[in-house]
Amino acid sequence: MKLPNGYGGVIKLSGKRRRPYAARITAGWETDAYGRTKQKFQIIGYAETKEEALSILADYNHNPIDLNVYKLTFKDVYNRWSSEKYPTISESNISCYKAAYNLCSSIDNYIFMDLRLDDLQRIVDTCGKNYPSLRKLKVLFNQIFEYGMKHELCLKDYSEYVDITKYKDKNPNQTKRNKFTKEEINRIWQGADDPKYQIILMLIYSGVRVSELLDLKKEDVHLKEQYFEIKQSKTESGLRKVPIADKTLPFFTEWYNSNSDCDYLVHTNDGHHLNYRNYYKSYFTPIMIKLRINGTPHCCRHTCISMLAKADVNQTLIKLIVGHSGAMSLTEKVYTHLDIKELVEAINKI
């Protein structure tokens, strides 16, 4: 079937190619040294079959895109997206996105418009990362393609079809996230004079995510009223007021009064912001090895939730304290403005 004038066309490229069919459109005209005028073509996509290439052509004609878009690489689009995204999120989240992006070096210079599911899936299948890292990678793909669709930089979001579920039970580095036992908590308490041990106890007796504590600024800590505010979180319910238990109040006070030049409550010895990777490798892991405890920072949060439940603390109060992302009932939402004293009383039960 002959295509309409100005519609574009499909050609089959020579050689052995995974996607030998190319959809192309006229990108202008040029005159050679002999005065002959010839068309300039722009490839808008490659396909395994002629039918798929015609589909790409149809999508383009239904929604034409600026030809300059066909020059943008995956790296170009990542840079555009990150320049908008990174100023709005925490440093720990930025680190996660950057780590995921580092896995994509093989497609850095691919034309973004030409990327297909196979290209994205190949990174997942060959990067050798465990399931938690693959989840972050897929989130990055989702974010970049959502940005691409929003700004008309691609015709289809292939990221939604990326499959990581087959690796869910094949995580060789997975650490089971158990709660700490009473005996393990007692061992941590024995080192409570050390600020590094204090951080673990602050996590256990508040239930906050480690990133929430590391990103906490002194201006959001209210020692007299005995609470602090989480103003950056991965979920809406994570934005909350967290009570400070009586037993950890001295630790919060000590960190608050240390290094007046640093804005962050928890910081490095030289007064800089402590990021997750630094904290995990230099602070948390050495203590776990020394005490012979098999756990992750998330175990602190799980331990807090378990202790609150064991102390018969109301489930609504538990959700408010730890900022659970699970949906609250209408009745529970009525109590979201509970007095901070009630939250302190609840956390003091553990």
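Remember, predicted model here, so these are calculated numbers, not experimental data.

Cut-offs used in this document
- Residues numbered from 1 in each chain as written.
- Predicted model: local features only at pLDDT ≥ 70, side-chain atom pairs only at ≥ 80, totals over all residues.
- Heavy atoms only, no water.
- Helix = DSSP H or I, 4+ residues; strand = E, 2+ residues; numbered from the N terminus.
- Buried < 20%, exposed > 50% of the residue type's maximum accessible area, 1.4 Å probe, protein only.
- Contact = heavy atoms within 4.5 Å.
- Areas by Shrake-Rupley, 256 points an atom, 1.4 Å probe, with all protein chains shown as cover.
- Core = buried A, V, L, I, M, F, W, Y, C linked by side-chain atoms within 4.5 Å.
- Polar contact = N/O pair within 3.5 Å; in protein donor to acceptor, adjacent residues only side chain to side chain.
- Salt bridge = Lys/Arg side-chain N within 4 Å of Asp/Glu carboxyl O.

Draft legend 1. Highlighting the overall build of the chain. Regarding its fold elements, the chain presents 14 helices and six strands. Counting every position in the chain, which comprises 350 residues, the buried fraction comes to 43%. Across the chain, the fraction of contacts at a sequence separation of at least 24, relative to all contacts at a separation of at least 6, is 62%. Accessible area for the chain stands at about 19,900 Å²; split by element, carbon and sulfur atoms hold 47% of it.

Draft legend 2. Highlighting the nonpolar core. Grouped together as the largest cluster of nonpolar side chains are 55 residues, with contacts concentrated most on F180, I200, L213, F228, L265, V266 and Y279. Broken down by element, this core gets its largest block of residues, seven residues, from helix α7 (residues 195-204). Ignoring sequence-local partners within four residues, the contact set of I200 consists of I188, Y279, F284, I287, M288 and C300. Ranked by size, the runner-up nonpolar core spans 31 residues in total, among them F74, Y86, Y97 and Y101.

Draft legend 3. The arrangement of α7 in detail. Counting buried residues along α7, eight of its ten residues qualify, which places the element largely inside the surrounding structure. Within the span of α7, buried status applies to Y197, Q198, I199, I200, L201, M202, L203 and I204. In this fold, the buried residues of α7 make contact with α6 (182-189), α8 (210-214), α9 (249-257), α10 (276-291) and α11 (297-310). If you check the start of α7, you find a side-chain oxygen 2.9 Å away from the backbone N of K196, and it comes from D194.

Draft legend 4. Molecular detail of the pattern of salt bridges. On inspection of all chains with the given rule, the structure shows nine salt bridges. R209 is paired through a salt bridge with E212; the nearest N and O atoms lie 2.8 Å apart. For R209, a relative accessible area of 13% puts it in the buried group. In the salt-bridge network here, residues are joined through shared partners; they are R18, R19, D118, D119 and R122.

Draft legend 5. Examining the environment of E152 more closely. Its location among the elements puts E152 in the loop between α5 (131-150) and α6. Residue classification places E152 among the partly exposed residues on the basis of a relative accessible area of 40%.

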